[in-house]
Amino acid sequence: MRGGGAHEAAAIPAARPTRSHAAAKLPDRGVTPAMKAPKRGAAQGSIAAMPEQAPLLRVRELVTTFRTDTGALRAVDGVSFEVPRATTVALVGESGCGKSVTALSILRLVASPPGHIASGSIELEGRDLLKLSEREIRDVRGNAVSMIFQEPMTSLNPVYTVGWQIAEPLRLHQGKSRREARARAVELLKLVGIPEAETSVDVYPHQLSGGQRQRVMIAMALACEPKLLLADEPTTALDVTIQAQILELLRDLQQRLSMSILLITHDLGVVAENATHVVVMYAGRVVESSPVREIFARPMHPYTRGLLESIPRPGRDDGRRLRTIEGLVPDLRKLPPGCRFADRCALRIEKCTQQEPPLLEVAPGRLSACWRANEVSS
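All residue numbers refer to position in the chain's written sequence, counted from 1. Local features in a predicted model are, by the rule used here, given only for residues with pLDDT of at least 70; side-chain atom pairs are given and counted only at 80 or more, and totals for whole chains, interfaces and linings are based on all residues. Hydrogen atoms and water are omitted, and side-chain values are computed over all heavy atoms in the structure.

## Digging into helix α8 (residues 210-222)
(1) Moving on: Put simply, DSSP marks the helices as runs of H or I at least four residues long and the strands as runs of E at least two long, and each gets a number from the N terminus on. A helix is expected to reach a length of 1.5 Å times the quantity of its residues less one. Under the 1.5 Å per step criterion, the end-to-end length of α8 is 19 Å for 13 residues, consistent within 8% with the ideal 18 Å.
(2) Moving on: Residue burial is assigned from relative accessible area. The probe radius is 1.4 Å, only protein chains are included, and a residue is buried under 20% of its type maximum, exposed over 50%, and partly exposed in between. With 11 of 13 residues buried, α8 lies mostly within the body of the structure.
(3) Moving on: Residues of α8 that are buried: G211, R213, Q214, R215, V216, M217, I218, A219, M220, A221 and L222.

## Comments concerning the sheet that holds strand β2 (residues 71-83)
(1) Moving on: When DSSP finds two or more bridges between a pair of strands, those strands are recorded as paired. Strand order across the open sheet formed by 4 strands is β2-β1-β4-β5, with antiparallel pairing between neighbours. Strands at the two margins of the open sheet, each flanked by one partner only, are β2 and β5 (127-128).
(2) Moving on: For strand β4 (residues 115-124) and β5, the ladder comprises 2 bridges, and the chain directions are antiparallel. Among the inter-strand pairings, L124 is bridged to a residue of β5, identified as R127.
(3) Moving on: Sheet strands touched by helix α2 (residues 99-106): β1 (57-68), β2 and β4. Its angle to β1, the strand with the most contacts, is close to 110°. Should any heavy atoms of two residues lie within 4.5 Å, those residues are considered in contact. To define axes, lines are fitted to C-alpha atoms, for helices over the stretch in contact only, and angles between the resulting N-to-C directions are given on a 0 to 180 degree scale.

## A few points about the pairing of strand β8 (residues 260-265)
(1) Moving on: For β8, the tally of buried residues reaches 6 of 6 residues, placing the bulk of the element in the interior.
(2) Moving on: Where strand β7 (residues 228-232) meets β8, 5 bridges bridge the pair, whose relative direction is parallel. Across the sheet, the residue bridging to L230 is L262, located in β8.

## Structural notes on the nonpolar core
(1) Moving on: Each nonpolar core is a collection of buried residues, namely Ala, Val, Leu, Ile, Met, Phe, Trp, Tyr and Cys, held together in the definition by side-chain atoms within 4.5 Å. Counting residues in each nonpolar core, the largest one holds 38 residues, and the members touching the most others are I148, I166, L189, V192, V216, I218 and L229.
(2) Moving on: For this core, the secondary structure elements donating two or more residues are α5 (162-174), α6 (178-191), α8, β7, α9 (240-257) and β8.
(3) Moving on: Ranked by residue count, the leading element in this core is α8, at 7 residues.
(4) Moving on: By size, the runner-up hydrophobic cluster in this structure holds 37 residues, among which are L107, I122, L228 and I264.

## Focus on the pattern of salt bridges
(1) Moving on: Here, a salt bridge means any side-chain nitrogen of Lys or Arg that lies within 4 Å of a carboxyl oxygen of Asp or Glu. Within the structure shown, the criterion is met by 22 salt bridges.
(2) Moving on: The shortest N-O distance in the salt bridge between R184 and E225 comes to 3.7 Å. One end of the pair, R184, is in helix α6; the other, E225, is in the loop between α8 and β7, and 41 residues separate them in sequence.
(3) Moving on: We classify R184 as partly exposed; its relative accessible area is 21%.
(4) Moving on: Looking at E225, the relative accessible area reads 46%, which means it is partly exposed.
(5) Moving on: Residues joined in a network through salt bridges with shared partners are R74, D77, R285, R340 and E356.

## Concerning the packing of α5 against α8
(1) Moving on: One can describe the packing of α5 onto α8 by two numbers: an axis separation of 8 Å at closest approach and a directional angle of 20°. If you check the angle between α5 and α8, you find them roughly parallel. When the axes of α5 and α8 are compared, the crossing they make is right-handed. When α5 is examined against α8, the residues V162, Q165, I166 and P169 are found in contact with a partner set consisting of V216, A219 and M220. Angle categories: roughly parallel below 35 degrees, roughly antiparallel above 145, roughly perpendicular from 65 to 115, and oblique for all the rest. Helix crossings are classified by the rotation of the near helix relative to the far one: an anticlockwise turn of less than a right angle makes the crossing left-handed, while a clockwise turn makes it right-handed.

## Re the sheet that holds strand β12 (residues 366-368)
Hydrogen bonds between backbone atoms are what pair the strands of a sheet, whose relative direction is either parallel or antiparallel.
(1) Moving on: As summarised here, the arrangement of the 8 strands in space is β6-β7-β8-β3-β9-β10-β12-β11, forming an open sheet in which the pairing is mixed. What marks the edges here is a single partner per strand, and that holds for β6 (145-148) and β11 (360-363). Across this sheet, the average inter-strand angle for adjacent strands is 25°, counted without regard to direction.

## Brief notes about the packing of α8 against α9
Two measures define how a pair of helices packs: the angle their axes make with one another and the distance between the axes.
(1) Moving on: Contact pair α8 / α9: the axes reach a minimum separation of 11 Å and the direction vectors enclose 15°. Here α8 is positioned roughly parallel relative to α9, judged by the angle of their axes. Between α8 and α9 lies a crossing of right-handed hand. Here α8 contributes G211, Q214, R215, I218 and L222 to the contact with α9, which in turn contributes I242, Q245, I246, L249, L250, L253 and L257.
(2) Moving on: Note that Gly is not counted as nonpolar here; it falls among the polar residues with everything else outside the nonpolar set of Ala, Val, Leu, Ile, Met, Phe, Trp, Tyr, Cys and Pro and the charged set of Asp, Glu, Lys and Arg. Across the contact of α8 with α9, the residue classes tally to 8 nonpolar, 3 polar and 1 charged.

## Here's the deal with the environment of V201
(1) Moving on: Structurally, the position occupied by V201 is in the loop between α7 (197-200) and α8.
(2) Moving on: Take V201: its relative accessible area is 1%, and that puts it in the buried class.
(3) Moving on: Residues V201 and A167, spaced 34 residues apart in sequence, show a C-alpha to C-alpha distance of 9.9 Å.
(4) Moving on: Discounting chain neighbours no more than four positions away, the residues touching V201 are T161, V162, G163, R182, A185, V186 and L189.

Listed below in structure tokens is the structure:
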């Protein structure tokens, strides 16, 4: 396992306000003037209203496929978004929508075969990671870009001490000696709040609790002070107290290191407290992109609205049941014509089942892939 993805990418695995909307069927008014296409030359799906400074990460029309016995499956289908510098962007959606595959694609860790990054571009400070050689991308993993995976017990190598695993990227990318790397590993364990770091550096993953293993993965990811951290469900399977501690730790470290975070989650509470911008994915595509406050106050896609309405609210005692999103995600190998969410949408019209809506700017700084976006938000 030495030199594998968990060491190169330096693992890290990452919440709930709500707003209710009427689900009554709305009249069909077609495409409104506000649903204008992006300016000529701009890629669909780019995040609008971001800082004018060039973003740290720019993903454009990314397509990642998997070969199956029954045909090709496009797990990521034309995904575009940006992550500004020193900012947290949340990638949101239910299980199987393509969030984790998008993150793995950024680091080119998609298993091939059966996976394959078919097209698109992934630019880190203007450098397309898809055009780098294998040696060049290895220099990026764990150095400029690190990743926290969902499950620390399977991401950490059970036959090496946690200190050795934290020290490995320091020796690989920064040329530190064993003694220097070990000393730095102790510093990092202290930084992430591991008690008795001088002795904990020599323990094995199974000797630590789940929360401590998560902290070790964060230490691994931050060893080389990356510019971008990909946090894939970093608080999954942790109790709420440890979740809060891990998220607070990430916020504190982000401020110290001025790094950007792509936070992958299905928990909108985490999004509300930690992100400044949200990218919502469904069935492999981006369906909405918006600043956090606006998306909670006025979602502009039926799927986003459904996610928000399915969240319990503290103090709610009106006897109403939480809303559920009926139906299932479509089979990505046999996609229906039109909108991928149409079969589950109470607001669908005939056009929704015939033409797939493009991701357009429907309000300043807001993108939505819905023919009735402005009506959804009313």
